[in-house]
Amino acid sequence: MDASPELPRHLVPQSNLGMRSPQSPTRETGKHSENVRSLPLSGHVGFDSLPDQLVRRSIQQGFCFNILCIGETGIGKSTLINTLFNTNFEEHESTHFEPSVKLKAQTYDINESNVHLKLTVVNTVGFGDQINKEDSYMPIVDYIDTQFEAYLQEELKIKRLLYRYHDSRIHVCLYFIAPTGHSLKSLDLITMKKLDSKVNIIPVIAKADMISKSELHKFKIKLMSELVSNGVQIYQFPTYDETISKLNSSMNAQLPFAVVGSMEEIKIGNKMVKARMYPWGIVQVENESHCDFVKLREMLICTNMEDLRDQTHSRHYELYRRCKLEEMGFQDNMGPGEKPVSLQETYEAKRHEFFEEQQRKEEEMRQTFVQRVREKETVLKEAERELQNRFEQLKRLHQDERGNLEDKRKDLQEEVNEFNKRRAAAELLQAQGFGSVGNTSLKKDRKTFM
Ligand code: GTP
Ligand code: MG
């Protein structure tokens, strides 16, 4: 829901799309400001109530905040979120046997002094449990991009409903580091590196009660130097606002926060406090000499929640949107003579380019088709010629054969005629009374022609 009360965006709603006319004055450039005169008012007008109007509207609309918790199974993610929001969000334990990393989002409506917060907690299930962890960061990157894409699609709609839209973009990523006292694991470094341009990362040392004070100090220094040397950009609490710049600067110097989570309450003095009890003592979650939980809560919820939301929109989403639109062919580049190219012109140019490309492809396909048909035609003609030759050859053979048979038939006919003549002669001789010798010879001849 970008119904969220972001002052600059409410005042300049067009800036969401970055589609304002290049000629119109902008807050960033202050163009035309030389034409604006400052005048004193002669009496009360009432627009000094604008901030109050905004506050009222914001309270009415409610707020939304989305947290991504990345950390190994059982590192204390759910306990910390419960402790931060002082609520028992029902969460089931994950197993260590997930074949891959999955993201599980759960949205809750919570209410504090009539301020409504739609809180989404996204957990990484199975993170760090696979033997091959090479691609563990991928589902997380995909999830973050999917939320950006959904927002971009809503923005690009003709009928946008951004005021009612449930903004699921991740505003902060709490990255849980195991309290090993050694150094960052390569999985942590790679994951944070892949995410730092997409989300505000706040690293936290989880279960900080499991590490001694001196070790913790060294561990923090080591972690920070590793993050810096590997070029991982973590979220810095903003220092542009004078009222909080001192606090935020000092907190920046104390990162990563070492936190302890617990929903268990015990009585200390006459107060109930959240704590973890051990045989050797008690760790109080909200005691700043025990851990940095209060600092994290203060920085994340009380002081910088709005900045986290704003950074998500103006930095991370803006980068996603820019890359995506550039991928689609849109550019803010200047045309000839330094004239800015409008979105309309870019669209027309792109359309023209697309049309030409289509035509080129169509022509290419046509040529290929003609070429193929020609090739096929040649092959078929060749086959036809071969068939014709073969037919002619067979015809000739057949004729020769027929001629031979005809010759043989003639020879046989002559022989039959000859035989008939001789038989007639023999019968004549027999009839005239010649002896049996002649008869025998006739029988022999008959056998030969049977
Ligand atoms: P999955 O969601 O199953 O991955 O676990 P998770 O990261 O949400 O951890 P969860 O909060 O369920 O805590 C796991 C165990 O760690 C529980 O027994 C908690 O009591 C314990 N635990 C949580 N926070 C702390 C802490 O700050 N210190 C210590 N020592 N234990 C903690
Ligand atoms: Mg959990």
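On a predicted model such as this, the values are computed, not experimentally measured, just so you know.

S.K.: Describe the sheet that holds strand β8 (residues 271–278), and please don't skip the residues or the numbers.
M.R.: Spatially, the three strands line up as an open sheet ordered β7-β8-β9, and their pairing is antiparallel. At either end of the open sheet lies a strand with only one pairing partner, and these are β7 (265–268) and β9 (281–284). Between one strand axis and the next, the sheet turns by 60 degrees as a mean value, whatever way the strands run. Judged from the four bridges that link them, β8 and β9 form a sheet pairing that is antiparallel. Note on β9: the bridge partner recorded for alanine 275 is glutamine 284.

S.K.: I'd love a proper account of the packing of helix α4 (residues 138–156) against helix α9 (residues 305–327), names of residues and values included.
M.R.: Interaxial distance between α4 and α9 falls to 10 Å at its minimum, and their mutual angle equals 80 degrees. As judged from the angle between their axes, α4 and α9 are roughly perpendicular. Contact residues: α4 offers Asp145, Phe148, Glu149, Tyr151, Leu152 and Glu155, while α9 offers Thr312, His313, His316, Tyr317, Tyr320, Arg321 and Lys324. Among the residues forming the contact of α4 with α9, the class breakdown is five nonpolar, three polar and five charged.

S.K.: Kindly report on the sheet that holds strand β5 (residues 201–205), identifying the contributing residues and their values.
M.R.: With mixed pairing, the six strands of this open sheet are ordered in space as β2-β3-β1-β4-β5-β6. One side of each edge strand has no neighbouring strand; the edge strands of this open sheet are β2 (102–112) and β6 (257–258). Examined bridge by bridge, β5 and β6 share two bridges and lie parallel to one another. Bridge pairing in β6 places isoleucine 205 opposite alanine 258.

S.K.: Would you mind going over α9 in detail, with residue names and values included?
M.R.: Spanning 23 residues, α9 covers 32 Å between terminal C-alpha atoms, matching the ideal 33 Å at 1.5 Å per step. The sharpest bend along α9 reaches about 35 degrees and sits at tyrosine 317. Considered for burial, the residues of α9 that qualify are Met305, Asp307, Leu308, Arg309, Gln311, Thr312, His313, His316, Tyr317, Tyr320, Arg321 and Leu325. At the C-terminal side of α9, glycine 329 shows a positive phi close to 105 degrees.

Criteria and thresholds
- Residues numbered from 1 in each chain as written.
- Chains lettered and ligands numbered in written order.
- Predicted model: local features only at pLDDT ≥ 70, side-chain atom pairs only at ≥ 80, totals over all residues.
- Heavy atoms only, no water.
- Pairing = 2+ DSSP bridges.
- Helix = DSSP H or I, 4+ residues; strand = E, 2+ residues; numbered from the N terminus.
- Axes fitted to C-alpha atoms, helices over the stretch in contact; angles between N-to-C directions.
- Parallel < 35°, antiparallel > 145°, perpendicular 65-115°, else oblique.
- Contact = heavy atoms within 4.5 Å.
- Nonpolar A, V, L, I, M, F, W, Y, C, P; charged D, E, K, R; others polar.
- Expected span 1.5 Å × (residues − 1).
- Bend = angle between axes of the 7 residues up to and from the residue.
- Buried < 20%, exposed > 50% of the residue type's maximum accessible area, 1.4 Å probe, protein only.

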